[in-house]
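Architecture at a glance
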Amino acid sequence: MLMRAPTPEMVENWKRIWIEYKDKLLPNRKSGAEVVDYLTNKYPLRELHDDKATQVVLDNVVYNKPFADKLPIGADPSAVTFIVKNTGTGKVLYKNQDKIFKGNSIFVGIDLNSGYYCVEGSSMLWDELCAFQGLDKSDLQNYYRVAEYISCLKRFGLMENK
């Protein structure tokens, strides 16, 4: 999860990673429904029924062309939102919260139609969802998306660290 302005060095590193992996990766992106299934089967959640929270997810899809482009033709976004509970497996996420999030609830919003997701309160969970979801054909042409995906796979031991 990128949490600061990129430097020229970061961009060059992303490009190096993209060059190394772009021809080795195949499209494997999971749908929004698959991300929800993964999340609900792994963590204790409380579904939110909050129009403002839902609107945040919908606006992120509609007003960001890369996300809007992932909507099926003629489909509108359809968002679900959750708070990860600080119990059971959720405790690990709260224990490993970044300093800037410490003590805040972990919010997750997912658009079922585009697969877009957002996470507030846990860069670890964002990275985990990135590694799980994978990349589609257009993502594979984006050096940042490929580099971020590879980083997330390595973080969770899903790819050999080089």
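In this report, we go over the structure that sits alongside the text. Computed from a predicted model, the values in this text were never measured in an experiment. (Residues numbered from 1 in each chain as written. Predicted model: local features only at pLDDT ≥ 70, side-chain atom pairs only at ≥ 80, totals over all residues. Heavy atoms only, no water.)

**Overview of the side chain of Asp 111**
Mapped onto the elements, Asp 111 comes out in strand S3 (residues 106-111). Among the polar contacts made by the side chain of Asp 111, one reaches the main-chain amide nitrogen of Ser 78 at a distance of 2.5 Å. Each residue touching Asp 111, except ones within four places of it in the same chain, is listed here: Gly 32, Val 57, Val 61, Leu 71, Pro 77, Ser 78, Ala 79 and Tyr 116. (Helix = DSSP H or I, 4+ residues; strand = E, 2+ residues; numbered from the N terminus. Polar contact = N/O pair within 3.5 Å; in protein donor to acceptor, adjacent residues only side chain to side chain. Contact = heavy atoms within 4.5 Å.)

**Notes on helix H3 (residues 51-62)**
Counted at 1.5 Å a residue, the expected span for H3 with its 12 residues is 16 Å, and the 16 Å between its end C-alpha atoms agrees. Capping of H3 at its N-terminal end is provided by Asp 50; its side-chain oxygen lies 2.9 Å from the backbone amide nitrogen of Lys 52. (Expected span 1.5 Å × (residues − 1).)

**Concerning helix H1 (residues 8-21)**
Over its 14 residues, H1 extends 20 Å from the first C-alpha to the last, a length consistent with the 20 Å expected when each residue adds 1.5 Å. Within the sequence span of H1, burial applies to Met 10, Val 11, Trp 14, Ile 17 and Tyr 21. Along the axis of H1, the buried positions cluster into a sector of 125 degrees, meaning they face one direction only. Turned more than 90 degrees away from the buried face of H1, the exposed residues are Pro 8, Glu 9, Arg 16 and Ile 19. Residues of H1 that are buried sit in contact with helix H7 (143-155). (Buried < 20%, exposed > 50% of the residue type's maximum accessible area, 1.4 Å probe, protein only. Arc of directions from axis to C-beta.)

**Points about the packing of aromatic side chains**
In the structure shown here, the tally under the stated rule is 4 aromatic pairs. Judged by centre distance (4.6 Å) and plane angle (50 degrees), the ring pair of Phe 67 and Tyr 116 falls under tilted. Of the two residues, Phe 67 sits in helix H4 (residues 65-68) while Tyr 116 sits in the loop between S3 and strand S4 (117-120), which places them 49 residues apart along the sequence. Note on Tyr 117 and Trp 126: the rings are 5.6 Å apart at their centroids and 50 degrees apart in plane angle, and the pair reads as tilted. The class for Tyr 117 is buried, based on a relative accessible area of 8%. The residue whose ring lies beneath Lys 15 is Tyr 143, and the NZ or CZ to ring-centre distance is 5.3 Å. Over the ring of Trp 18 we find Lys 22; its NZ or CZ atom is 5.1 Å from the centre of that ring. (Phe/Tyr/Trp six-rings, centres within 6.5 Å; stacked < 30°, edge-to-face > 60°. Lys NZ or Arg CZ within 6 Å of the ring centre and 35° of its normal.)

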